[in-house]
Amino acid sequence: MAVRAVRGAVQLERDEAGHMDERVSELLTAVLERNQLVADDLISVWFTATPDLHSDFPAAAARGLGIVDVPLICAQELDITGAMPRVVRVLAHVETYLSKSEISHVYLGATGALRKDIAQ
């Protein structure tokens, strides 16, 4: 078994706590499902949010999914002129038998444009 990193992102339509919970939950669920992972495979998860998001911590969605014994942290993304607005990004460290080339990085909706090189 190896330690791997899985990336992903989702764009919110609006800065509202319930909407953030829904969209981040969707992202985390897709990351787990597409990589054949369960919560116990998670080592740690790092979330970033663009500076225009203030309604809630993205990590709260993980706790709502039952991911309760995994270290989580949130940070603010750099405030870059012209960057895509209302985006939550995730970097999950996992234990898996998948090779690096088999990892599915999950960029939902418009965020696929952020990383065309790895978005699947």
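Everything that follows concerns the structure shown earlier in this document.
Below is a summary of the structure that appears in this document. Not measured: the values here are computed from a predicted model.

**Some details on the side chain of Arg89**
Note on placement: Arg89 falls in strand β4 (residues 87-96). Among residues more than four places away in sequence, those in contact with Arg89 are Arg7, Gly8, Ala9, Trp46, Phe47, Thr48, Thr50, Glu77 and Leu114.

**Description of unusual backbone geometry**
In the Ramachandran plot, Gln36 falls in the positive-phi region, its phi being about 55° despite a non-glycine side chain. When you line up the elements, Gln36 lands in the loop between α1 (17-34) and β2 (42-49). The class of Gln36 is exposed, set by a relative accessible area of 67%.

**So, the environment of Ala61**
You can see Ala61 is positioned in helix α2 (residues 59-64). Relative accessible area serves as the criterion here: at 3%, Ala61 is assigned to the buried category. Once the C-alpha coordinates of Ala61 and Ser25 are considered, the two residues, 36 residues apart in sequence, prove to be 5.5 Å apart.

**So, the pattern of salt bridges**
Following the criterion strictly, the structure yields three salt bridges and no others. Between Arg14 and Glu13 there is a salt bridge; the shortest N-O distance is 3.7 Å. Across the salt bridge formed by Glu77 and Arg89, the nearest N and O atoms sit 3.7 Å from each other. Placement of the pair is Glu77 in the loop between β3 (72-76) and β4 and Arg89 in strand β4, with a sequence separation of twelve residues. A residue is classified by how much of its surface remains accessible, and Arg89, at 16% relative accessible area, is buried.

**Examining the pairing of β4**
For β4, a buried count of seven out of ten residues is recorded, marking the element as mostly surrounded by other parts of the structure. By the bridge criterion, ten bridges tie strand β1 (residues 2-11) to β4 in an arrangement that is antiparallel. Residue pairing in the sheet places Val10 in a bridge with Val88 of β4. In the sheet, β2 pairs with β4 via seven bridges, with the strands oriented antiparallel. Within β4, the position partnered with Trp46 by the bridge is Leu91.

**Quick notes on the sheet that holds strand β5 (residues 106-107)**
Ordered by their spatial adjacency, five strands build an open sheet running β3-β2-β4-β1-β5, and the pairing between neighbours is mixed. Here the strands that pair on one side only, and so sit at the sheet edges, are β3 and β5. Against the sheet, α1 contacts β1, β2, β4 and β5, and its axis sits at roughly 145° relative to β1.

So, how was this worked out
Residues numbered from 1 in each chain as written. Predicted model: local features only at pLDDT ≥ 70, side-chain atom pairs only at ≥ 80, totals over all residues. Heavy atoms only, no water. Helix = DSSP H or I, 4+ residues; strand = E, 2+ residues; numbered from the N terminus. Contact = heavy atoms within 4.5 Å. Buried < 20%, exposed > 50% of the residue type's maximum accessible area, 1.4 Å probe, protein only. Salt bridge = Lys/Arg side-chain N within 4 Å of Asp/Glu carboxyl O. Pairing = 2+ DSSP bridges. Axes fitted to C-alpha atoms, helices over the stretch in contact; angles between N-to-C directions.

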